[in-house]
Amino acid sequence: EWVDYGLTMREPMAFALFTYIEGTWPQAFPQSNYLEVVLKALQGDERSVKAAVDNLAGAHNLAYSHIHQVHTLRGWRAPQVGMAARAQILEGKDPWDGPAVMLSREFMDFTITDKIQDRLDFLGLNYYGKE
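If you're wondering where the values come from, they're calculated on a predicted model, not measured in any experiment.

What counts as what
- Each chain carries its own residue numbering, running from 1 in the written order of its sequence.
- Selection of residues for local features in this predicted model requires a pLDDT of at least 70, selection of side-chain atom pairs for listing and counting requires 80 or more, and totals for whole chains, interfaces and linings are taken over all residues.
- To obtain the side-chain values, all non-hydrogen atoms of the structure were included, while hydrogens and water were left out.
- Secondary structure elements are defined from DSSP: runs of H or I of at least 4 residues count as helices, runs of E of at least 2 residues count as strands, and each element is numbered from the N terminus.
- Only protein chains enter the accessibility calculation, which uses a 1.4 Å probe. A residue is then buried if its area is under 20% of the maximum for its type, exposed if over 50%, and partly exposed in between.
- In what follows, a contact means two residues having at least one pair of non-hydrogen atoms within 4.5 Å.
- The method behind every accessible area is Shrake-Rupley, applied with a 1.4 Å probe, and residues are considered shielded solely by the protein chains displayed.
- For every element, the axis is a line fit to its C-alpha atoms; helices are fit only across the contacting stretch, and the angle between N-to-C directions ranges from 0 to 180 degrees.
- Our angle categories are set so that under 35 degrees counts as roughly parallel, over 145 as roughly antiparallel, 65 to 115 as roughly perpendicular, and the remainder as oblique.
- Handedness of a helix crossing follows the sense of rotation of the near helix relative to the far helix, less than a right angle counterclockwise being left-handed and clockwise being right-handed.
- Here the nonpolar group is Ala, Val, Leu, Ile, Met, Phe, Trp, Tyr, Cys and Pro; Asp, Glu, Lys and Arg are the charged ones; every other residue, Gly included, is treated as polar.
- Every case where a carboxyl oxygen of Asp or Glu lies within 4 Å of a side-chain nitrogen of Lys or Arg is listed as a salt bridge.
- Here the nonpolar core consists of buried residues drawn from Ala, Val, Leu, Ile, Met, Phe, Trp, Tyr and Cys, with membership extended through side-chain atoms lying within 4.5 Å.

Participant: Tell me what's going on with the overall build of the chain, and back it up with residues and numbers.
Facilitator: Tallying secondary structure elements over the chain gives five helices and three strands in all. Along the chain, from the amino end to the carboxyl end, the secondary structure elements read β-α-α-α-β-α-α-β. Residue burial in the chain is summarised as follows: out of 131 residues, 37% are buried. Pairs at least 24 residues apart make up 71% of the contacts formed inside the chain by residues separated by at least 6 positions. Surface accessibility of the chain: about 8,400 Å² in total, with carbon and sulfur atoms responsible for 56%.

Participant: Please give an account of the packing of helix α1 (residues 12–20) against helix α3 (residues 49–73) that cites residues and values.
Facilitator: Each pair of packed helices can be described by the angle between their axes along with the distance between the axes. Between α1 and α3, the least distance of the axes is 9 Å, while the angle of their chain directions is 150°. By the criterion of interaxial angle, the relationship of α1 to α3 is roughly antiparallel. The element α1 and its partner α3 pack so that their crossing is right-handed. Here α1 contributes P12, M13, F15, A16, L17 and Y20 to the contact with α3, which in turn contributes V49, A52, V53 and L56. The residue inventory of the contact of α1 with α3, partitioned by class, reads ten nonpolar, no polar and no charged.

Participant: Could you give me a rundown of the side chain of N61, with the residues and numbers involved?
Facilitator: In this structure, N61 sits in helix α3. Beyond its immediate chain neighbours, meaning those up to four positions away, N61 contacts K115, I116 and R119.

Participant: Account for the pattern of salt bridges, with residues named and values stated.
Facilitator: Considering all chains together, one arrives at five salt bridges under this definition. Between R77 and D4 there is a salt bridge, and its shortest N-O distance comes to 2.6 Å. Here R77 is found in the loop between α3 and β2 (80–89), whereas its partner D4 is found in the segment before β1 (5–10), with 73 residues between them in sequence. Between K50 and D54 there is a salt bridge, and its shortest N-O distance comes to 3.6 Å. A residue pair is termed a helical-turn pair when its members lie 3 or 4 positions apart in one helix, as K50 and D54 do in helix α3 at four residues. The exposure class assigned to K50 is partly exposed, which follows from its relative accessible area of 40%. With relative accessibility at 32%, the residue D54 sits in the partly exposed group. Beyond isolated ion pairs, a larger network of salt bridges with shared partners links R10, E11 and R86.

Participant: Describe unusual backbone geometry, naming the residues involved and giving the relevant values.
Facilitator: Its identity as a non-glycine residue notwithstanding, E11 has a phi of 55°, on the positive side. Relative to the assigned elements, E11 resides in the loop between β1 and α1.

Participant: Before we move on, can you summarise the nonpolar core with the specific residues and values?
Facilitator: With 14 residues, the main nonpolar core has M9, A16, V49, V53, L56, M83 and I112 as its most contacted residues. Broken down by secondary-structure element, the contributors of at least two residues to this core are α1, α3, β2 and α5 (111–116). Considering each element in turn, this core owes the most residues, five residues, to α3.

Next up, the structure:
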């Protein structure tokens, strides 16, 4: 009853990418080359970034529903439940970086918000500038 705004997660796309594509975060599966990175990102198995994003979206949707349900049952005012997304400008250093930049944009540019848009009261943005 004391919280008006709550985040279910912060930068879920960064978590998915750094874990399942770059292999730099816990439970990571490091990739050996760019082709392997692209193939792993597009696969539907439980170790892929696509599966991770689907699971993160599902977790947000469950938390959103539960939080709203608890507030309703207790007679509290309606909460505002959202998440914080990472926003940045991505550019390659040379023409060979084009495919990697396109893949990064594909996943970073609000992929998860498309999956949770019906259960999102607000969206926070963490902006890091141009990379």
